[in-house]
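Structural description and commentary
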Amino acid sequence: MSVIDKPSSRDAALQEGFGAEVAELYAQAARGEANAALQRALELRSFLALAEEQVARVRDRIHAETAADGDMDDLSAEKLRWDAEWMDAALAGRDGYTAALDELLRTMPAPNQVTSARAGLSPKIAATSPPAPVARAGAARMRRP
């Protein structure tokens, strides 16, 4: 399945911001009709859709492992710790993409507004790394192979 077909939590905001359905926005980009803001927004949206799929996969795996009708002997604290780390990473990625996309949509000019580029200036996107995970009481850090 193409990332174009995957839903994301910010599709409605993109449609509102650019005035077209997501599939049409990707079509504009494919035809070379997308401005820089739309190109960046679609790139962020693609990353977001994948990150949200990762979050859903980890969530579903945790639900399956901890299902009420599951065998108690199959539970593993080690596997759940790994899943918690995967979930932290997936959520951090999702949060970063949503924040960047929301900022882009918030700061881009209105569709009817003409922008004039000033010499020597270029748009910059400030990126910050997500905060380091907080160590949980009693949780030992494990080395990864």
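What comes next is a walk through the structure.

What counts as what
Residues numbered from 1 in each chain as written. Predicted model: local features only at pLDDT ≥ 70, side-chain atom pairs only at ≥ 80, totals over all residues. Heavy atoms only, no water. Helix = DSSP H or I, 4+ residues; strand = E, 2+ residues; numbered from the N terminus. Contact = heavy atoms within 4.5 Å. Phe/Tyr/Trp six-rings, centres within 6.5 Å; stacked < 30°, edge-to-face > 60°. Buried < 20%, exposed > 50% of the residue type's maximum accessible area, 1.4 Å probe, protein only. Salt bridge = Lys/Arg side-chain N within 4 Å of Asp/Glu carboxyl O. Core = buried A, V, L, I, M, F, W, Y, C linked by side-chain atoms within 4.5 Å. Axes fitted to C-alpha atoms, helices over the stretch in contact; angles between N-to-C directions. Parallel < 35°, antiparallel > 145°, perpendicular 65-115°, else oblique. Expected span 1.5 Å × (residues − 1).

Points about the overall build of the chain
Secondary structure summary: the chain contains four helices and zero strands in total. When the helices and strands of the chain are placed in sequence order, the string is α-α-α-α. Counting contacts in the chain only where the partners sit at least 6 residues apart, residues at least 24 apart contribute 70% of the total.

Quick word on the packing of aromatic side chains
Summed over the entire model, instances satisfying the criterion amount to one aromatic pair. Seen in terms of ring centroids, Phe47 and Tyr97 are 5.5 Å apart; in terms of plane orientation they differ by 40 degrees. Their pairing is tilted. Of this pair, Phe47 sits in helix H3 (residues 36-65) while Tyr97 sits in helix H4 (residues 77-107); the two residues are 50 residues apart in sequence, bridging distant segments of the chain. In this structure Phe47 comes out as partly exposed when scored by relative accessible area, which is 36%. When its relative accessible area of 29% is taken as the criterion, Tyr97 is described as partly exposed.

Structural notes on the side chain of Asp83
Along the chain, the position of Asp83 falls in helix H4. Apart from the residues lying within four places of it in its own chain, the contact partners of Asp83 are Val58, Arg61, Ile62 and Glu65.

Digging into the pattern of salt bridges
When charged atoms on two side chains of opposite charge get close, those side chains can pair. Going through the model one piece at a time under the given rule, you end up with 12 salt bridges. In this structure, Glu53 engages Arg57 in a salt bridge whose closest nitrogen and oxygen atoms are separated by 2.9 Å. Remark: Arg57 and Glu53 occur in helix H3; sequence separation between them is four residues, near one turn of the helix. Exposure remark for Glu53: the relative accessible area of 25% places this residue in the partly exposed category. Close ionic contact of Arg61 with Asp83 constitutes a salt bridge, the shortest N to O distance being 2.8 Å.

A few points about the nonpolar core
For soluble globular proteins, nonpolar side chains are generally found buried alongside one another. Counting 17 residues, the largest nonpolar core has Leu14, Phe18, Leu25, Leu38, Ala41, Leu101 and Leu105 as its most contacted members. Those elements giving two or more residues to this core turn out to be helix H1 (11-18), helix H2 (22-30), H3 and H4. Sort the elements by how many residues they give to this core and H3 lands first, with six residues.

What about the side chain of Ser46?
Its location among the elements puts Ser46 in helix H3. Those residues within four positions of Ser46 in sequence are excluded, and the remaining contacts are Val3 and Tyr26.

A look at the packing of H1 against H3
Interhelical geometry of H1 versus H3 gives an angle of 170 degrees and a closest axis separation of 11 Å. By the angle class used here, H1 and H3 are roughly antiparallel. On H3, the residues touching Asp11, Leu14 and Phe18 of H1 are Ala37, Leu38, Ala41 and Arg45.

What to know about H4
Working note: α-helix, 3.6 residues per turn, so residues spaced by three or four point in the same direction. Taking 1.5 Å as the rise per residue, H4 with 31 residues should run 45 Å; its terminal C-alpha atoms sit 44 Å apart, in good agreement. Buried within H4 we find Asp83, Met87, Ala90, Thr98, Leu101, Leu104 and Leu105. Where H4 is buried, its residues meet H1 and H3.

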